[in-house]
Amino acid sequence: MPLIPKASYPALQEPAGVAWQREMQTAFRSLTPLLAYLELDPALAPERLSADPAFPLLIPRGFASRMAKGDWRDPLLLQILPLARENQEVAGFRSDAVGDLPSQIVPGLLHKYASRALLMVSHQCAVHCRYCFRREFPYGDLPRGPEAWEEAWAYLGQAQGLDEIILSGGDPLLLDNRRLERILERILALPSIRTLRLHTRLPIVLPSRIEPGLLALLGAAAERMSLVMVIHANHAAEIDAACARALQALRSTGALLLNQSVLLAGVNDDADTLADLSRALIRNGALPYYLHQLDRVTGTAHYEVEEARGRGLIESLRGKLPGYAIPRYVREIAGEAYKTPLSG
Ligand SMILES: *Cc1c(COP(=O)(O)O)cnc(C)c1O
Ligand code: SF4
């Protein structure tokens, strides 16, 4: 049974090559054109850059357009700029810092927390965040092609105590609508699942992905189970008018919108910046959910903020914002039953 009657949503039948896919094709994939666009002279970089990093550079033009020209300290640029320091070994920073690999039940399926399981349905992201906790994840080992997922569906069909499935990746919204529809149909057919959650950065970094075909799919899913969308913005400057429209459109599907951020040195490690982010999110109908302490993944040490300072920042936020605008400050500790709260 198709999730929605095809005739009512012509956008779904459009051939590949829709606007957002074309936009991905023009994304920045190397340092030189990005720096030229930002009017930055590489010779004047405040520290040594990494021209050809193992985790490649990737930035959609729309996201780059929100960066200030000529500013090495721009908080959006700092999230995606590959530094030579990424290649330094730092004690305590490892490739599987959050213990994802042992919770992998079958390839592509993480069942770490009792009531919810996470499917890594996409191998790709639209942007490469240098601090990413999955930058070292062996995506190459994930199932490819629909048949390869049968083992995961079989597990989900019999797992006890599960009522929520999280689509993650990579970014699940980089799948095209047809692929996504097939996955949603499988999830809707699982009797115990009441909530579908998507973890995606696309409403922020590629808002053109929130197009009518996708909205139709999400709307149809939201009629059958609760739909939660967890977006990812770290700084208010990431949310421009196109993002605001995308978030508004997502709300109209009936989805509950939440945001997760990572506490990042130089990007958002001060109380006013975090307060502005919370205000921008609330204005656009997304509740601040998590502020993550950086996972200690190889190559990310330069982003780390001490936990004690993180706690202090949350305390300052309490003096500035209503309770619903304060994110939960958490850290992921391998082997724990949930993300550990760092601030009460
Ligand atoms: C973070 C995470 C979840 C979701 O945790 P919530 O606390 O429910 O947001 C689920 N599975 C894995 C593997 C995770 O890392
Ligand atoms: S969008 Fe998320 S998963 Fe993708 S690189 Fe950024 S932090 Fe990592």
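What you see is a predicted model; the values in this text were computed from it and never measured.

A. Focus on the site of ligand 1. Taken together, Leu110, Lys112, Tyr113, Arg116, Leu118, Ile166, Arg197, Tyr289, Tyr290, Glu332 and Lys339 are the residues near ligand 1. Separating an oxygen atom of ligand 1 from a side-chain N or O atom of Tyr289 is a distance of 2.6 Å. At 2.6 Å, a side-chain N or O of Tyr290 approaches an oxygen atom of ligand 1. When the free accessible area of ligand 1 is taken as 380 Å², the share hidden by the protein chains comes to 94%. Per-element tally for the shell around ligand 1: the top contributor is strand E2 (residues 109-113), with 3 residues. Taken together, the residues of the shell around ligand 1 break down into 6 nonpolar, no polar and 5 charged.

B. Inspection of the state of the cysteines at higher detail. Under the criterion given, the structure shown has 0 disulfides. Unpaired in terms of disulfides, Cys243 finds its nearest cysteine sulfur in Cys129, a separation of 13 Å.

C. Examining the site of ligand 2 more closely. Ligand 2 sits among Cys125, Val127, Cys129, Cys132, Arg201 and His232. Judged by the proximity of its atoms to the pocket grid, ligand 2 belongs to the largest pocket.

D. Structural view of the layout of surface pockets. If you add up the space inside the largest pocket, you get close to 980 Å³. Where the lining of the largest pocket is concerned, the elements lending two or more residues are E2, strand E3 (116-120), strand E4 (164-168), strand E5 (195-199), strand E6 (226-232), strand E7 (256-262) and strand E8 (287-292). The residue makeup of the lining of the largest pocket, split by class, is 24 nonpolar, 13 polar and 11 charged.

E. How the structure looks around the nonpolar core. By size, the foremost hydrophobic cluster in this structure holds 86 residues, and its most contacted members are Leu119, Leu156 and Leu167. Apart from residues lying up to four places away in sequence, Leu167 is in contact with Leu119, Val121, Pro172, Ile183, Leu184, Ile187, Leu196, Arg197, Leu198 and His199. Judged by nonpolar contacts, the second largest core, of 14 residues, contains Leu274, Ala275, Leu291 and Ile314.

F. Expanded view of the packing of aromatic side chains. Taken as a whole and judged by the stated rule, the model has 4 aromatic pairs. On the basis of an interplanar angle of 85° and a centroid distance of 5.8 Å, the ring pair of Tyr131 and Tyr303 is categorised as edge-to-face. Placement of the pair is Tyr131 in the loop between E3 and helix H5 (150-158) and Tyr303 in the loop between E8 and helix H11 (307-318), with a sequence separation of 172 residues. Relative accessible area serves as the criterion here: at 4%, Tyr131 is assigned to the buried category. The ring of Phe28 carries the charged tip of Arg61 above its face, separated from the ring centre by 4.1 Å. Here Lys69 stacks its cationic end above the ring of Tyr37, 4.5 Å away from the centre of that ring.

G. Expanded view of helix H9 (residues 241-252). Taking 1.5 Å per residue as the helical rise, H9 with its 12 residues ought to reach 16 Å, and the 17 Å between its terminal C-alpha atoms agrees with that figure. Of all the positions in H9, only Cys243, Ala246, Leu247, Ala249 and Leu250 are classed as buried. One side of H9 carries all its buried residues, which in axial view fall inside an arc of 160°. Facing away from the buried side of H9 by over 90 degrees, the exposed positions are Arg245 and Ser252.

Definitions and limits used
Residues numbered from 1 in each chain as written. Chains lettered and ligands numbered in written order. Predicted model: local features only at pLDDT ≥ 70, side-chain atom pairs only at ≥ 80, totals over all residues. Heavy atoms only, no water. Near = heavy atom within 4 Å. Polar contact = N/O pair within 3.5 Å; in protein donor to acceptor, adjacent residues only side chain to side chain. Areas by Shrake-Rupley, 256 points an atom, 1.4 Å probe, with all protein chains shown as cover. Helix = DSSP H or I, 4+ residues; strand = E, 2+ residues; numbered from the N terminus. Nonpolar A, V, L, I, M, F, W, Y, C, P; charged D, E, K, R; others polar. Disulfide = S-S within 2.5 Å. 1 Å grid on protein atoms, 1.4 Å probe; cavity = no way out; pocket = protein on both sides within 12 Å on 5 of 7 lines; lining within 4 Å. Sits in = over half its atoms within 2 Å of the grid points. Points joined across faces, edges and corners; volume = space filled by probe spheres on them. Core = buried A, V, L, I, M, F, W, Y, C linked by side-chain atoms within 4.5 Å. Buried < 20%, exposed > 50% of the residue type's maximum accessible area, 1.4 Å probe, protein only. Contact = heavy atoms within 4.5 Å. Phe/Tyr/Trp six-rings, centres within 6.5 Å; stacked < 30°, edge-to-face > 60°. Lys NZ or Arg CZ within 6 Å of the ring centre and 35° of its normal. Expected span 1.5 Å × (residues − 1). Arc of directions from axis to C-beta.

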